[in-house]
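# Tertiary structure, described
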Amino acid sequence: MADSRFGSGRLLVVAFEGWNDAGEAASGAVRALKELLDLYPIAEVDPEDYFDYQFNRPSIASDDDGNRSLVWPGVTIYGPTRPNSGPAAGIADDAEISVSGANGANIYLLLGTEPSRGWKTFTREILDVVETNEISSIVFLGAMLADVPHSRPISVFTSSENPGVRSQLSIERSAYEGPVGILSVLGNAAESVGITTMSIWASVPHYVHNAPSPKATLAILDKLEEIVDVVIPRGDLITEAQAWETGIDALAGDDDDMASYIEQLEQARDTVDSPEASGEAIAQEFERYLRRTGDKPGEGTAGDEPWRPKE
């Protein structure tokens, strides 16, 4: 009998740059996996079909030989076998993942820019690749800006629309209502055809939203490792995360307003995390935080000083 546990078959890990990727944390996690695994492009979408180049502009870059070329926005799926390869080429069709751990699945990756248009057609094209490669589970990675302090562990929220996955992994169903990104569209479509899905989202401090957040990337990889039961080498991420936190500490040390604001976030976080915290105490602390800032959650990212709450 086939193993029905989430991630026991072929697994696709998905991240899109853009709206779903605060601090480049989600795309950074997939890039880290791509560097570790022996993967090759198995499918790409035609950027002409899905991108508005005035919104997602192509860029120009030079290679090691000094040749300049255009790089267009796009989406690529990577798999553990070369296209049109097989035993004759000396490559097994079911090449196992090269990270260590008890997980027996193959890992596939999807990485690219969130498309600007044609989401329904885009979704059908991606699912065709998923079904052709017999992928049975998908993990969606995302990151959002939030009123959280950089000096505390990054908050990570896991959820699934699939009751069986929620029961197996002891995770929640998201209660969010509002605008969504391509992750939600893909997830809904995948579940409708019997592909199990879950999501991992990290909270990135909104006051440093202009810079990549290796600490959030590390938190996503930690949770992914736990969910799919693999051991993922962290490389330089731990050192980079420490340097990121130290750098923000230095900025706050030169700005009393920023330091005071971060201290308020720390107090609110510590109240929520304390063992004796009750629901009422958490609510009271949150109300005090809002009164101090004169702000509402999620509205502190505008202006030339993104860390400063709106007046």
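Below: a short report on this structure. (Residues numbered from 1 in each chain as written. Predicted model: local features only at pLDDT ≥ 70, side-chain atom pairs only at ≥ 80, totals over all residues. Heavy atoms only, no water.)

## A look at the packing of aromatic side chains
- Across all of its chains, the model carries 4 aromatic pairs by this definition.
- Site record: aromatic cluster; members linked through ring pairs are Phe-16, Tyr-50 and Phe-122. (Phe/Tyr/Trp six-rings, centres within 6.5 Å; stacked < 30°, edge-to-face > 60°.)

## A look at the environment of Asp-249
- Among the structural elements, Asp-249 can be located in helix α7 (residues 237-253).
- Taking the C-alpha atoms as reference, Asp-249 lies 8.8 Å from His-150; in sequence the two are 99 residues apart. (Helix = DSSP H or I, 4+ residues; strand = E, 2+ residues; numbered from the N terminus.)

## Some words on the layout of surface pockets
- In this structure, the largest pocket spans a volume of roughly 1200 Å³.
- Trp-19, Asn-20, Tyr-176, Ser-184 and Trp-201 are the residues nearest the centre of the largest pocket, which is lined by 39 residues in total. (1 Å grid on protein atoms, 1.4 Å probe; cavity = no way out; pocket = protein on both sides within 12 Å on 5 of 7 lines; lining within 4 Å. Points joined across faces, edges and corners; volume = space filled by probe spheres on them.)

## Section: the nonpolar core
- Counting 40 residues, the largest nonpolar core has Val-13, Leu-141 and Met-198 as its most contacted members.
- Residue assignment for this core shows that the elements contributing at least two residues are β1 (10-17), α1 (25-36), β6 (107-113), β7 (135-146), α4 (163-169), β9 (196-205), α6 (214-228) and α7.
- Discounting chain neighbours no more than four positions away, the residues touching Met-198 are Phe-6, Ile-138, Val-139, Phe-140, Thr-158, Ser-159, Ser-160, Val-165, Leu-169, Ile-171 and Ile-227.
- The next biggest cluster of nonpolar side chains, apart from the first, holds 27 residues, and it includes Leu-12, Ile-77, Leu-127 and Ala-190. (Core = buried A, V, L, I, M, F, W, Y, C linked by side-chain atoms within 4.5 Å. Buried < 20%, exposed > 50% of the residue type's maximum accessible area, 1.4 Å probe, protein only. Contact = heavy atoms within 4.5 Å.)

## Some points on a nonpolar patch on the surface
- Residues Trp-19, Tyr-176 and Val-180 make up a contiguous nonpolar surface patch of roughly 360 Å² in combined accessible area.
- With respect to the helices and strands, the residue Tyr-176 is situated in the loop between α4 and α5 (182-192).
- A relative accessible area of 51% places Tyr-176 in the exposed class. (Patch = residues over 30% accessible without salt bridge, like charges linked within 9 Å, V, L, I, M, F, W, Y side chains within 5 Å. Areas by Shrake-Rupley, 256 points an atom, 1.4 Å probe, with all protein chains shown as cover. Salt bridge = Lys/Arg side-chain N within 4 Å of Asp/Glu carboxyl O.)

## Considerations on the environment of Thr-76
- Inspection of the secondary structure puts Thr-76 in strand β5 (residues 75-79).
- The exposure class assigned to Thr-76 is buried, which follows from its relative accessible area of 12%.
- Taking C-alpha positions, Thr-76 is 4.5 Å from Glu-44, a pair spaced 32 residues apart along the chain.
- When residues no more than four places from it in sequence are discounted, the contact partners of Thr-76 are Pro-41, Ala-43, Glu-44, Leu-109, Leu-110 and Leu-111.

## With respect to the side chain of Ser-151
- Structurally, Ser-151 can be placed in the loop between β7 and β8 (156-159).
- A polar atom in the side chain of Ser-151 sits 2.4 Å from the side chain of Glu-266.
- Leave out the neighbours within four places in its chain, and Ser-151 touches Lys-215, Glu-245 and Glu-266. (Polar contact = N/O pair within 3.5 Å; in protein donor to acceptor, adjacent residues only side chain to side chain.)

## What about the packing of helix α3 (residues 119-132) against α5?
- One way to put it is that α3 packs onto α5 with a least axis distance of 10 Å and a crossing angle of 55°. By the angle between their directions, the pair α3 and α5 is classed as oblique. Between α3 and α5 lies a crossing whose hand is right-handed. Taking contact as the criterion, the partners of Trp-119, Phe-122, Thr-123, Ile-126 and Leu-127 in α3 are, on α5, Ile-182, Val-185, Leu-186, Ala-189 and Ala-190.
- For the contact of α3 with α5, the class distribution of residues is 9 nonpolar, 1 polar and no charged. (Axes fitted to C-alpha atoms, helices over the stretch in contact; angles between N-to-C directions. Parallel < 35°, antiparallel > 145°, perpendicular 65-115°, else oblique. Left-handed = near helix turned anticlockwise from the far one by under 90°. Nonpolar A, V, L, I, M, F, W, Y, C, P; charged D, E, K, R; others polar.)

## Let's talk about unusual backbone geometry
- At Glu-24, a residue that is not glycine, the phi angle is positive and equals roughly 55°.
- Relative to the helices and strands, Glu-24 resides in the loop between β1 and α1.
- With phi around 55°, Ser-170 is a residue other than glycine that occupies positive phi space.

## Structural notes on empty space enclosed by the protein
- Scanning the entire structure with this criterion turns up 1 cavity of 30 Å³ or more.
- Estimated volume of the largest cavity: approximately 30 Å³.
- In terms of lining residues, the largest cavity is bounded by Leu-12, Val-14, Leu-110, Ile-126, Leu-127, Val-130, Ile-138, Phe-140 and Leu-186.
- Taken together, the elements giving at least two residues each to the lining of the largest cavity come down to β1, α3 and β7.
- Looking at the lining of the largest cavity, the element that brings in the most residues is α3, giving 3 residues.
- Residues belonging to the lining of the largest cavity are distributed by class as follows: 9 nonpolar, no polar and no charged.

## Some words on the pattern of salt bridges
- The full count for this structure, using the stated rule, is 8 salt bridges.
- Glu-17 is paired through a salt bridge with Arg-31; the nearest N and O atoms lie 2.1 Å apart. Here the residue Glu-17 occupies a position in strand β1, and Arg-31 occupies one in helix α1, the gap between them amounting to 14 residues.
- Residue Glu-17 is classed as partly exposed on the basis of its relative accessible area, which comes to 26%.
- Relative accessible area serves as the criterion here: at 32%, Arg-31 is assigned to the partly exposed category.

Shape is all these values report; function is a separate question.
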